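# Fold and geometry: a report
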Amino acid sequence: MLLSVNPVIRKEMLKRFSHIHLKSLKERIMEGLATSGNALCAEISDVLKTEESVTTQRDLINLLAMIGTDEAYEIIADNVETASIDLKMIILEALSKKQTEYAVTAYLKTLTDSNENVRLKTLEYLTLYNDLKILNKVNDAVSDHTFHERSLDEKRQCMMIIANNSSDIKKSYLYEIVEHSSLLKNRKFVETQAAAAMTL
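One structure accompanies this document, and this report is about it. (Residues numbered from 1 in each chain as written. Predicted model: local features only at pLDDT ≥ 70, side-chain atom pairs only at ≥ 80, totals over all residues. Heavy atoms only, no water.)

### Overview of helix α7 (residues 101-110)
What counts is decided by this rule: Buried residues are those whose accessible area, probed at 1.4 Å on protein chains only, stays under 20% of the maximum for their type, while exposed residues exceed 50% and partly exposed ones sit between those limits. Numbering of helices and strands runs from the N terminus, with a helix taken as a DSSP run of H or I at least four residues long and a strand as a DSSP run of E at least two residues long. It only takes one pair of heavy atoms within 4.5 Å for two residues to be counted as in contact.
Most of α7 sits out of view: 7 of its 10 residues are buried. The set of residues buried in α7 consists of Y102, A103, V104, A106, Y107, L108 and T110. Elements that come into contact with the buried residues of α7 comprise α5 (70-78), α6 (85-95), α8 (116-126) and α9 (132-143).

Listed below in structure tokens is the structure:
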């Protein structure tokens with residue numbers, strides 16, 4: 001029924017449905033919209049580009065995840081770089097609902113995000129994957145000279161991904177970190193050693 005409505009009116013409806021406060025009604029509308037498949041994806045993408053309300057953006061991202069097609073997930077992933085921190089967290093959660101190449105691409109971008117919470121959420125979802133590109137990116141992060149400055153949680157999650165998905169050659173890097181001795185160790189490096197030791 002919605003597809004027979006004028007496209008301009010459809011876009012306005014997509015902007016406004018998130019203002020419905022009755023959760024059960026909103027969910028039923030979203031379920032109905034999701035049955036349209038790719039037919040609404042382009043219009044949802046257009047609305048996302050101009051919409052400023054995080055609530056509306058969240059609902060549209062969740063609607064795309066409910067549609068669940070490759071096109072829908074591509075649109076979700078395409079929005080990750082320009083999104084606010086709050087929206088990035090919503091996008092990461094939506095992408096976690098289905099393992100796709102678009103999710104991997106988005107995770108590779110957010111793995112180096114300037115916000116620690118975004119990086120931690122990314123690492124949480126990366127544990128679901130056994131992908132060489134992801135593993136190489138995590139290895140690069142661990143090898144970077146600034147890695148020791150990251151939080152203990154982030155170090156631990158990176159090392160868990162390496163330990164759980166790597167060959168023995170990659171794991172040997174973790175052993176090197178643990179066994180590295182230096183008279184000039186600082187507290188951050190000791191944390192890194194501890195994180196590596198806990199994963200082995």
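Picking up where we left off.
### Some points on the side chain of T122
Basically, it comes down to this: Counted as a polar contact is a pair of N or O atoms within 3.5 Å, where, for protein atoms, one must be capable of donating a hydrogen and the other of accepting one, and residues adjacent in sequence contribute only when both atoms are in side chains.
Note on placement: T122 falls in helix α8. In terms of polar contacts, T122 uses its side chain to reach the backbone carbonyl oxygen of V118, at 2.8 Å. With residues near it in sequence (within four places) discarded, T122 still touches L92, Y107, T110 and L111.

### Examining the environment of I134
Tracing the backbone shows I134 in helix α9. Along the primary structure I134 and V104 are separated by 30 residues, whereas in three dimensions their C-alpha atoms are 7.3 Å apart. Those residues in contact with I134 that sit more than four places away from it in its chain are V104, L108, L126 and Y129.

### As for the environment of A42
The residue A42 is located in helix α3 (residues 41-50) in this model. Assessed through its relative accessible area of 45%, A42 is described here as partly exposed.

### Looking at the pattern of salt bridges
For clarity, the threshold we go by: Salt bridges are defined by distance alone: a side-chain nitrogen of Lys or Arg within 4 Å of a carboxyl oxygen of Asp or Glu.
Evaluation of the coordinates by the stated rule reveals 6 salt bridges. Note that R58 is salt-bridged to D59, the shortest N-O span being 3.2 Å. Judged by its relative accessible area of 31%, R58 falls in the partly exposed class. We classify D59 as buried; its relative accessible area is 4%. E154 serves as the salt-bridge partner of R150, at 2.9 Å between the closest nitrogen and oxygen. The class for R150 is buried, based on a relative accessible area of 19%. If you follow the salt bridges from partner to partner, you end up with R119, R150 and E154 in one network.

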